[in-house]
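Coordinate analysis (summary)
Each chain, letter by letter, is given below.
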Amino acid sequence: MAGDPGTPCIAGKCRKIQRWSRRLAYLVRAQSGTSAVEFALAAPLLLGLLTPVADLGLAYSQQIQVQQAAQAGAQYASLHPWNSNSSTGIANAVTSATGLTLLPADPATNPAPYQECRCPDGSKIDLLSCNSLPCADGEYGGYYVIVSAQLAYSPILPYSLLGNSTLKAQATVRVH
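Reading the values: rules and limits
Residues numbered from 1 in each chain as written. Predicted model: local features only at pLDDT ≥ 70, side-chain atom pairs only at ≥ 80, totals over all residues. Heavy atoms only, no water. Patch = residues over 30% accessible without salt bridge, like charges linked within 9 Å, V, L, I, M, F, W, Y side chains within 5 Å. Areas by Shrake-Rupley, 256 points an atom, 1.4 Å probe, with all protein chains shown as cover. Salt bridge = Lys/Arg side-chain N within 4 Å of Asp/Glu carboxyl O. Lys, Arg positive; Asp, Glu negative; His and termini not counted. Charge placed at Lys NZ, Arg CZ, Asp CG, Glu CD. Helix = DSSP H or I, 4+ residues; strand = E, 2+ residues; numbered from the N terminus. Buried < 20%, exposed > 50% of the residue type's maximum accessible area, 1.4 Å probe, protein only. Core = buried A, V, L, I, M, F, W, Y, C linked by side-chain atoms within 4.5 Å. Contact = heavy atoms within 4.5 Å. Phe/Tyr/Trp six-rings, centres within 6.5 Å; stacked < 30°, edge-to-face > 60°. Lys NZ or Arg CZ within 6 Å of the ring centre and 35° of its normal. Pairing = 2+ DSSP bridges. Axes fitted to C-alpha atoms, helices over the stretch in contact; angles between N-to-C directions.

Here we take up a positive patch on the surface. A cluster of basic residues, K13, R15, K16, R19, R22 and R23, forms a positive patch at the surface. Here K16 lies in helix α1 (residues 13–29). Residue K16 is classed as partly exposed on the basis of its relative accessible area, which comes to 49%.

If you want it as structure tokens, here you go:
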């Protein structure tokens, strides 16, 4: 510094150093802008926590819509007698029940609506002897229509919490 015996002042550099040190000390003591700095530090953490929560909420909402679409198909099946065009009518009821683009029927993962005969406990019976043979509990079997729906879901950000997955739902209704 200027008054120190061992420190030479060269062409006003001491004054510049003193000026910068005073400015730096002022910045350290200053309170204005602290909120902006704190927000800049906290915002990425907050967004990092809220994005997966919002993504899970979106996935859950779409899962509910897929379930409601399958239930709409089951309701259609319960109101209309089964015939050769039933699968098409049920599929139309499923796709028109939601604004989402559902995946088409695929026998391996998402079968088209089908009818089967089963007992009230869920065990299957041959279609030809559906109403004539009693089940194990003494009840008679009935015809059930099984409706499936599925939707390909991609998360907002590419992370492994959900990944690219398929949302699936199934609804079963006894028709007679």
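Anyway, onward from the coordinates.
We now examine the nonpolar core. Of all hydrophobic cores here, the largest spans 18 residues; its most connected members are V66, I90, V94, L102, V145, V147 and A149. Sorting the residues of this core by element identifies α2 (34–79), α3 (86–96), β3 (142–153) and β4 (165–174) as the ones contributing at least two each. Among the elements that make up this core, the one with the highest residue count is α2 (six residues). In this structure V145 touches A77, W82, I90, Y114, Q115, A171, T172, V173 and V175, once residues within four positions along its chain are discounted.

If you walk through the whole model with that rule in mind, you get zero aromatic pairs. The residue whose ring lies beneath R23 is W20, and the NZ or CZ to ring-centre distance is 5.2 Å. Residue placement shows R118 over the ring face of Y144; its charged tip is 5.4 Å from the ring centre.

Moving on, we come to the pairing of strand β1 (residues 114–118). Bridge count for β1 against β3 is five bridges, and the pairing is antiparallel. Paired with R118 across the strands is G142, a residue of β3. Where β1 and strand β2 (residues 124–125) come together, two bridges link them in antiparallel fashion. Looking at β2, one finds that R118 is bridged to K124. Between β1 and β2, which pair antiparallel one after the other, the connecting turn spans five residues, and G122 there sits at a positive phi close to 105°.

With antiparallel pairing, four strands are arranged side by side in an open sheet as β2-β1-β3-β4. In this open sheet, the two strands that pair with only one neighbour each are β2 and β4. Along the sheet, α2 contacts β3 and β4; its crossing angle with β4, the most-contacted strand, is approximately 30°.

A separate point is the pattern of salt bridges. Enumeration according to the criterion identifies two salt bridges in this entry. The salt bridge partner of E116 is K124, with a shortest N-O separation of 3.6 Å. When its relative accessible area of 10% is taken as the criterion, E116 is described as buried. Taken together, the salt bridges that share partners define one network made up of E116, R118 and K124.

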